[in-house]
Amino acid sequence: MPAVDIAIDVGGTKTLVSAFDEKEVEPYSSEEFPTRPAEGIDSFFERLSNICLRMKGSRNINRWGLCTAGAVSPEKGKLIWSPNLGWKDVELFKRASSFLGTEGVIENDCNAAAFGEWEFRKDIESLIYVTVSTGIGMGMVVRGKILRGASNAAGEIGHTIVKADGPLCTCGRRGCLQAISGGRGLEIRAHDSLGIEIGTKEITDRAELNEPVFKEMITEASETLGRFLCNLIDSLDPSVLVIGGSLGKNRYYFDRILKTIEENYYRVPGKKVKIELSSIEPNPNILGILSLSRKTHKD
Ligand SMILES: [Zn+2]
């Protein structure tokens, strides 16, 4: 009987579950369902277990991996805190292993994505993955090792303050990177200054059509993010910087970020960072966590 590997990406809005035949990187089946974190952890895990068990059918689960936004401690098997989900101190590993078995891993979603992107490239020293969608996050892999930080909170670049007295962030502070350059930040600012409900996609579309107010917002957002990424490149000197997320992969937005980086980063002889769009479709989180589970639990 063939066995199956399961990869799970728990997002604030949706959860994606993919099932893979052993050694394959194309899932034979994927399903998405609303996370609805406010309904509670028990309800979420009950729905997740039903879907996983249906997807595996009569096969055995060989390995599994689960990633999510927030501070995750793979060592303790816990989600320490996730403001996106509103969950704190959750025994993630224990809960998932009760129906998936013990050959599993848990990880922060950006760390998993960084690992996935690193695995897909050959012979590089280090890689930074930055996701830009509703919020902004980062993961870094150096020589195959994920940098998690002393408190499993490395990479929270969305909440680094880049502008004194800048716009209010969802974290309660002012001038955070994601309040200026992230999707939700842009939507909030459009609402506050124009009194309209407008999505991130429409904001970038209307900027591209040269509507001054939106163009100005996108210029400020992309230049702020571009300068921040220059600082990241100059501080950490990665081989590759990968940009993902729905807003980061928007060509109009990405081109502006790239221009700011190329005009501003500190040139040291021999330094040549590659800046690339995420190449893993549809989701580097899923392939990254799959890869991590296979690395951790070898046959
Ligand atoms: Zn913040």
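Reading guide: rules and limits
- Residues numbered from 1 in each chain as written.
- Predicted model: local features only at pLDDT ≥ 70, side-chain atom pairs only at ≥ 80, totals over all residues.
- Heavy atoms only, no water.
- Helix = DSSP H or I, 4+ residues; strand = E, 2+ residues; numbered from the N terminus.
- Buried < 20%, exposed > 50% of the residue type's maximum accessible area, 1.4 Å probe, protein only.
- Donors = N, O, S within 2.8 Å, 3.2 Å for Na, K, Ca; no water.
- Phe/Tyr/Trp six-rings, centres within 6.5 Å; stacked < 30°, edge-to-face > 60°.
- Lys NZ or Arg CZ within 6 Å of the ring centre and 35° of its normal.
- Domains from an automatic or database assignment.
- Contact = heavy atoms within 4.5 Å.
- Buried area = accessible area lost by both parts, 1.4 Å probe.
- Salt bridge = Lys/Arg side-chain N within 4 Å of Asp/Glu carboxyl O.
- Nonpolar A, V, L, I, M, F, W, Y, C, P; charged D, E, K, R; others polar.
- Axes fitted to C-alpha atoms, helices over the stretch in contact; angles between N-to-C directions.
- Parallel < 35°, antiparallel > 145°, perpendicular 65-115°, else oblique.
- Pairing = 2+ DSSP bridges.

A. Summary view of unusual backbone geometry. Of note, asparagine 210 is a non-glycine position whose phi angle comes to about 70°, a positive value. With respect to the helices and strands, asparagine 210 occurs in the loop between α6 (200-208) and α7 (212-236). Residue asparagine 210 is classed as partly exposed on the basis of its relative accessible area of 49%. Despite not being glycine, aspartate 237 shows a phi value in the positive range, around 50°. Overall, aspartate 237 belongs to the partly exposed group, its relative accessible area being 46%.

B. Spotlight on the coordination of the zinc ion. Note on the zinc ion: its protein donors are His159 (ND1), Cys169 (SG), Cys171 (SG) and Cys176 (SG). The metal-donor distances range over 2.1 to 2.4 Å. Motif for the zinc ion, donor spacing along one chain: H-x9-C-x1-C-x4-C. On the criterion of sequence distance, the pair formed by histidine 159 in the loop between β11 (145-146) and α4 (177-181) and cysteine 169 in the loop between β11 and α4 is long-range, its members being 10 residues apart. For histidine 159, a relative accessible area of 25% corresponds to the partly exposed category. Exposure remark for cysteine 169: the relative accessible area of 7% places this residue in the buried category.

C. Quick peek at the packing of aromatic side chains. Using the criterion set out here, one finds five aromatic pairs in the structure. Seen from their ring centres, tryptophan 64 and phenylalanine 93 are 5.2 Å apart, and the 35° between their planes marks the pair as tilted. Taken together, the positions of tryptophan 64 in strand β4 (residues 60-68) and phenylalanine 93 in helix α2 (residues 92-100) put the pair 29 residues apart, joining distant regions of the chain. Among the aromatic residues, those joined into a ring-pair cluster are Phe33, Phe44, Phe45 and Trp87. Here the guanidinium or amino end of arginine 59 rests over the ring plane of tyrosine 28, the centre of that ring lying 4.5 Å away. Above the face of the tyrosine 252 ring, arginine 256 is positioned so that its terminal group lies 3.8 Å from the ring centre.

D. Molecular detail of the domain arrangement of the chain. Per the domain assignment, the segments making up the chain are domain 1 (3-107) and domain 2 (121-277). Inter-centroid distance (C-alpha atoms) of domain 1 to domain 2 is 27 Å. Contact with domain 1, which involves six residues of that partner, is made by four residues of domain 2. Surface buried jointly by domain 1 and domain 2 totals about 360 Å² across both partners, of which 47% is contributed by carbon and sulfur atoms. Contact with domain 2 buries area across many residues of domain 1, yet Ala71, Pro74 and Glu107 alone supply 62% of it, more than any other trio. Between glutamate 107 and arginine 148 there is a salt bridge, with the nearest N and O atoms lying 2.5 Å from each other. For the side of domain 1 that touches domain 2, the class distribution of residues is four nonpolar, one polar and one charged.

E. Inspection of the packing of α6 against α7 at higher detail. Contact geometry of α6 with α7 gives a least axis separation of 7 Å together with a crossing angle of 110°. Between α6 and α7, the interaxial angle falls into the category roughly perpendicular. Residues Ile203, Thr204, Arg206 and Ala207 of α6 form the contact with α7, whose participating residues are Phe214, Lys215, Met217 and Ile218. Across the contact of α6 with α7, the residue classes tally to five nonpolar, one polar and two charged.

F. Main features of the environment of lysine 78. One can find lysine 78 in strand β6 (residues 78-82). Taking relative accessible area as the criterion, lysine 78 reaches 23% and is therefore assigned partly exposed. Separated by 17 residues in the primary sequence, lysine 78 and arginine 95 have C-alpha atoms spaced 9.8 Å apart. Among residues more than four places away in sequence, those in contact with lysine 78 are Ala71, Val72, Ser73, Asp89, Val90, Glu91, Leu92 and Ile106.

G. Just the sheet that holds strand β9 (residues 126-132), in detail. The strand order across the open sheet formed by five strands is β11-β10-β9-β12-β13, and the pairing between neighbours is mixed. A strand with exactly one partner marks an edge of an open sheet, and here the two such strands are β11 and β13 (274-277). Judged from the four bridges that link them, strand β12 (residues 240-244) and β13 form a sheet pairing that is parallel. Along β13, the bridge assignment pairs valine 242 with glutamate 276.

H. Broad picture of the environment of alanine 154. Residue position: alanine 154 is located in the loop between β11 and α4. Residue classification places alanine 154 among the partly exposed residues on the basis of a relative accessible area of 37%. Linking alanine 154 and glycine 139, residues 15 residues apart in sequence, is a C-alpha distance of 7.8 Å. When sequence neighbours within four positions are dropped, the list of residues in contact with alanine 154 reads Met138, Leu147, Arg148 and Gly149.

I. Structural context of the pattern of salt bridges. Scanning all chains against the criterion turns up 22 salt bridges. In this structure, glutamate 220 engages lysine 163 in a salt bridge whose closest nitrogen and oxygen atoms are separated by 3.2 Å. Of this pair, glutamate 220 sits in helix α7 while lysine 163 sits in the loop between β11 and α4, and the two are 57 residues apart along the sequence. Of the charged contacts in the structure, one is a salt bridge between lysine 201 and aspartate 205, with a shortest N-O distance of 2.9 Å. Of the two residues, lysine 201 and aspartate 205 both sit in helix α6, four residues apart, roughly one turn of that helix. It is possible to trace a salt-bridge network through shared partners that takes in Asp5, Arg63 and Arg294.

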